[in-house]
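Fold and contact review
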Amino acid sequence: MHQKNFTFHSATPKTEEQDGFIDLDRLMAVVIRRIRTIMLGVAVFVALAVAYLLFATPNYTSATQILLDETMTKYAEDQPPPTSGQQADMDIASAVEILKSNEMALRVVDTAGLIDNDAFANPPQSPVALIKSGVTLIASVFKPAKPPLTPAEAREAKRQQIAAMLQNALKVERVTRSSVVLVSFSSTDPLLAAKITSAYADSYLTDQLNANFDATERASVWLQERLNDLRQRAQMASLEVEKYKADNGLTSTGGELMSEQQISDLNKQLIIAQADTASASARYNQYKSIIDQGPDNAVKNATISSSQSGNSGLQDLKTRYLAVQKREQDVTQNFGADHPQAVALKAERQDITRQIYEELQQLTASYKNEYDVAQSRASSLRDSIEGMVGKNSEANKSLVQLNELNQKATALKTLYESYLGRFEAAAQQRSFPIAKARVISAAGVPTAPSSPKKTLVMALSIILGLMAGGAFAAFQEFRDRFFRVEADVRAALGLKFLGYLPLLGQQGFPKKKNGRKSKTGPVPAMATAAAEEGENGVAFERIMRVSVEAPRSMFAETLRNAKLASDVMLQGRADRVIGVVSALPGEGKSTTAANFAALLASSGKRTLLIDADLRNPGLSRTLRTPPQVGLIEAALGEVPWASAVKVDPRTKLAILPVVLRDHLLHTSELLSSQGMMNLMENARKMFDYIVVDLAPLGPVIDAKAFAPQVDAFLLVAEWGATPTSLVRDLLEQEPQINSRVLGVILNKTDMSELARYSEFGATERYRQKYVSYYTEDHPKTQVDA
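Definitions and limits used
Residues numbered from 1 in each chain as written. Predicted model: local features only at pLDDT ≥ 70, side-chain atom pairs only at ≥ 80, totals over all residues. Heavy atoms only, no water. Helix = DSSP H or I, 4+ residues; strand = E, 2+ residues; numbered from the N terminus. Buried < 20%, exposed > 50% of the residue type's maximum accessible area, 1.4 Å probe, protein only. Contact = heavy atoms within 4.5 Å. Areas by Shrake-Rupley, 256 points an atom, 1.4 Å probe, with all protein chains shown as cover. Pairing = 2+ DSSP bridges. Phe/Tyr/Trp six-rings, centres within 6.5 Å; stacked < 30°, edge-to-face > 60°. Lys NZ or Arg CZ within 6 Å of the ring centre and 35° of its normal. Axes fitted to C-alpha atoms, helices over the stretch in contact; angles between N-to-C directions. Parallel < 35°, antiparallel > 145°, perpendicular 65-115°, else oblique. Left-handed = near helix turned anticlockwise from the far one by under 90°. Nonpolar A, V, L, I, M, F, W, Y, C, P; charged D, E, K, R; others polar. Patch = residues over 30% accessible without salt bridge, like charges linked within 9 Å, V, L, I, M, F, W, Y side chains within 5 Å. Salt bridge = Lys/Arg side-chain N within 4 Å of Asp/Glu carboxyl O. Core = buried A, V, L, I, M, F, W, Y, C linked by side-chain atoms within 4.5 Å. Expected span 1.5 Å × (residues − 1). Arc of directions from axis to C-beta. pLDDT = per-residue confidence, 0-100. Polar contact = N/O pair within 3.5 Å; in protein donor to acceptor, adjacent residues only side chain to side chain.

Some words on the overall build of the protein chain
Tallying secondary structure elements over the protein chain gives 29 helices and 14 strands in all. A buried classification covers 41% of the 785 residues belonging to the protein chain. In the protein chain, once contacts between residues fewer than 6 apart in sequence are set aside, the share between residues at least 24 apart is 84%. Approximately 43,100 Å² of the protein chain is accessible, and the part contributed by carbon and sulfur atoms is 56%.

Structural data, given as structure tokens:
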């Protein structure tokens, strides 16, 4: 299998380096080439958008904003703990769902009186909605009938239906990351939209108040029941405590046993005495460590000692010491250590050092005495506590049960007081008239419709049109695997490209007043005789003589290029047989063969044109005078071949036509018969060029059968219509034809579209610069022959 070519058309060979990148020139060429398809897609979608805007019912949207504010109730409630970001998000999400709920929709239906509002219950329906309603109505006919509803049930069903319509048209969303909830409603009536939006805001605030009232009401009832029970149980527990004390002789003062009070007092005194002992020990040890370091170090730590002791004398000495020390340092730096004043200051500093040290020694002795007294007092208190504990051991055994009873009574009392406080708080909050939300933007009456958005719809239609048109254009481009430019011929077939034949008109070209006569060579006697058969001879239609009537046209120039290719390839041969073939019927090979032969004849060459397409002789049909005999009779030997030849009086071109026979079935055998070979051998002796119009390669094998008698072939392909893969496969199957192909001619080329299929730098892009070399204009349609 041959690989199909799905690439875009290009006028230059693709290199490996080019394949790795996006070729903007190729892409732009595709866009320009398919711009009409793309614009058609845009036009279709824009037309659909305009139709939608014309028939769509305008909707008006009214919106209100509700702020969820926890601080609204701060004057009536205890300050709540700060909520986390996650909790705040959950609260806002809950508020959104409440607003979307069916219960809220039903409340709005009742508040706004929508159940009796026909404008809302029966809004204008779109064509799609009408179709759906019709289908539903038809389907309901085939469903089993339901029992009729009572008036109350019918009203409730209608109420639920309107609530569902509200929920569908309502939009609730959080405004960015704030605590604001946006509530919007769309309707065909702007006043109704504003009314419903306001009703939603009022209903939500009312719902918050009602929810708080209901919750506190239920809590108050439950708390009242619990308070009555707790009060009875607390009283019974207190009575049990008092009865146990009386039974066990446990006297108490202020609710506590006497022995326990004494032990408690002694423990408190012991704790204080131990603290005093530790403090005295710390001070004594600190001062003792300072004294042990000597006078000089004691002076350095005198600040610590003075701050702890509060001794003002020691602090004064320390202050004098620092002042003298500073003065000594200043005098020493300015005048030297031997200066009399420096010596005096040093002596004064040493004296102050001695006084500080003595003061520290006195404080150390004082703290030693305090430490001994505190230690003795703590020891005495321990002895007293040990004696008291022994006396109270019997009473403690009874206290175990007493403590248990006290704990139970205390717990019940505490719980009762807690519930009592909560009951009072709930009773007060039950009548608090403020919700934890407020409206910060009231719903207004919209002045302009919110949908359909004309700018958005048109912009979206253009974008969708560009996408759809681009997709269809890409589909067309990938399906366009036909011959368009020279590069397609070289890439697909590897053959020489001979040129383009433009589209021709059925009337041919007008005669030129100053037209030059063609130079013809000697015409055979049988041709002359044939030309004299009638006044008009057997001339072709004018479209078969374009190369003669418009010698300076692109059409004629392409055929001259084909002649040059044949001269080069068949150089040295006195007679040349050139077959004109195509892959499919209707590609214009007969027109090409006739004009090519006419061009050869007008150049002075003896030229014979043979119509060898025995099944569809398009060339013979263009003769003004229908022939009576032709190639078939000559090949079969029924008539001399020279008598079947006709001559165009204008170009002096000899023509051997074909007369169709219904009973002739094996045309390929006729073309390869000995009679045909004899005919061609005789013709070679009398003509310089023999142009043979052969049958297409695809449908029949006639061209293959006649190929041994042909020196070279001209392959004609229709521009933009002949598949490249088909021609490639046919030529690969016929190597004897492929090896003798002079080149490929693209026929019926739309020259105005040619440049759109080429890339930057390709020869097709510069066709307009060649206009001065081609003087004849030509019409726009081609005759298939």
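Description of the pairing of strand E2 (residues 170-174)
Here five bridges tie E2 to strand E3 (residues 180-187), and the two strands are oriented antiparallel to one another. Bridge pairing in E3 links Glu173 to Leu182. The loop that links E2 with its antiparallel partner E3 comprises five residues; one of these, Thr176, has a positive phi angle of about 45°.

Some thoughts on the packing of aromatic side chains
For the structure shown, the criterion picks out one aromatic pair. Measuring from centroid to centroid gives 4.8 Å for Phe497 and Tyr500, while their planes differ by 65°, and the two rings are edge-to-face. The ring of Trp719 has Arg484 sitting right over it, with the charged end atom 4.6 Å from the ring centre.

Some remarks on the sheet that holds strand E11 (residues 653-656)
The sheet built from eight strands is open, its strands ordered E7-E14-E13-E8-E12-E9-E11-E10 with mixed pairing. At either end of the open sheet lies a strand with only one pairing partner, and these are strand E7 (497-502) and strand E10 (646-648). Mean inter-strand twist for the sheet, computed between neighbouring axes without regard to direction, equals 25°. Relative to strand E12 (residues 689-693), strand E8 (residues 576-582) is paired through five bridges, and the arrangement is parallel. Across the sheet, Gly579 pairs through a bridge with Val692, a residue of E12. Running at roughly 155° to E7, helix H20 (residues 554-569) makes contact with E7, E8, E12, strand E13 (712-718) and strand E14 (741-749) of the sheet. Lying on the sheet, helix H21 (residues 589-602) is in contact with E7, E8, strand E9 (607-611), E11, E12, E13 and E14; it crosses E12 at an angle near 170°.

Considerations on the packing of helix H3 (residues 35-55) against helix H16 (residues 454-479)
Direction vectors running N to C along H3 and H16 enclose 150°, while the axes themselves pass 7 Å from each other. As far as their axial angle goes, H16 and H3 are roughly antiparallel. Considering how the two elements wind past one another, H3 and H16 form a crossing that is right-handed. Taken together, the residues that form the contact of H3 with H16 break down as 17 nonpolar, seven polar and one charged.

Some details on helix H17 (residues 486-493)
Inspection of H17 places Ala487, Asp488, Val489, Ala492 and Leu493 among the buried residues, and these make up the whole buried set. Where H17 is buried, its residues meet E7, E13, helix H27 (724-733) and E14. Of the residues trailing H17, Gly494 is marked for its positive phi of about 70°.

A look at a nonpolar patch on the surface
Where nonpolar side chains cluster on the molecular surface, the patch consists of Leu24, Leu27, Met28, Val31, Ile32, Ile35, Met39, Ile462 and Leu466 and spans about 780 Å² of accessible area. Considering every element that reaches the nonpolar patch, the biggest residue donor is helix H2 (residues 24-33), with five residues. As for its placement among the helices and strands, Val31 is situated in helix H2. Under the relative-accessibility criterion, Val31 is labelled partly exposed at 33%.

Points about the environment of Tyr367
Relative to the elements of secondary structure, Tyr367 occurs in helix H14 (residues 340-391). Counting along the chain gives 79 residues from Tyr367 to Lys288, while the straight-line C-alpha distance between them is 9.4 Å.

With respect to the pattern of salt bridges
Evaluated as defined, the whole model comprises 20 salt bridges. Ionic pairing is found between Glu718 and Lys748, a salt bridge with its closest N-O pair at 3.9 Å. With Glu718 in strand E13 and Lys748 in strand E14, the pair connects residues that are 30 residues apart, well separated along the chain. Under the relative-accessibility criterion, Lys748 is labelled buried at 7%. Connected via shared salt-bridge partners are Arg573, Asp575, Arg684 and Asp711.

Things to note about the nonpolar core
One finds Leu493, Leu608, Ile610, Leu631, Ile690 and Leu694 to be the most contacted residues of the largest nonpolar core, which totals 56 residues. With sequence-adjacent residues up to four places away left out, Leu631 is seen in contact with Ile610, Asp611, Ala612, Leu614, Leu656, Pro657, Val658, Met676 and Leu679.

Some details on helix H4 (residues 85-100)
With 16 residues, H4 should reach 22 Å at 1.5 Å per residue; the first-to-last C-alpha distance of 23 Å fits that figure. Along H4, the positions that sit buried rather than exposed are Ile92, Ala95, Val96 and Leu99. Buried positions in H4, seen along its axis, are confined to an arc of 100° and lie on one side of it.

Quick look at the confidence of the model for the protein chain
In the predicted model, the protein chain carries a mean pLDDT of 77, and the fraction of residues at 70 or more is 78%. Of all the helices and strands in the protein chain, helix H18 (residues 525-531) carries the lowest mean pLDDT, 35, while E12 carries the highest, 95. Overall, residues 1-20 carries pLDDT values under 50, and its contacts beyond four positions in sequence, including any with other chains, amount to 39 contacts. Within the model, pLDDT remains below 50 along residues 506-537, and this stretch shows 51 contacts once partners closer than five positions in the same chain are excluded.

Considering the sheet that holds strand E6 (residues 437-441)
Strand order in the open sheet made by the four strands is E2-E3-E1-E6, with antiparallel pairing throughout. Unpaired on one side and paired on the other, E2 and E6 mark the two borders of the sheet. Each strand of the sheet is rotated relative to its neighbour by a mean of 25°, with strand direction disregarded. Pairing analysis gives four bridges linking strand E1 (residues 60-68) to E6, with the strands arranged antiparallel. In the sheet register, Leu67 faces E6, and the bridge partner there is Arg438. Where H4 meets the sheet, it contacts E1, E2 and E3, and its direction lies at approximately 175° from that of E2. Each of E2 and E3 is contacted by helix H8 (residues 151-169), which is oriented at about 45° to E2, the strand it contacts most.

Things to note about the pairing of E11
Of the two faces of E11, the one lined by Leu653 and Ile655 and the one lined by Ala654 and Leu656 are each fully buried. Note: E10 against E11, three bridges, orientation antiparallel. When the bridges of E11 are listed, Lys646 appears paired with Ile655. As consecutive antiparallel partners, E10 and E11 are separated by four residues, and within that stretch Lys652 has a phi angle of approximately 60°, a positive value.

Things to note about the side chain of Arg576
Mapped onto the secondary structure, Arg576 falls in strand E8. A distance of 3.4 Å separates a polar atom in the side chain of Arg576 from the backbone oxygen of Leu570. Within the structure, the side chain of Arg576 is placed 2.8 Å from the side chain of Tyr689, a separation counted as a polar contact. Contacts of Arg576, omitting those with residues within four sequence positions, involve Ser566, Asp567, Leu570, Gln571, Asp688, Tyr689, Ile690 and Asp711.

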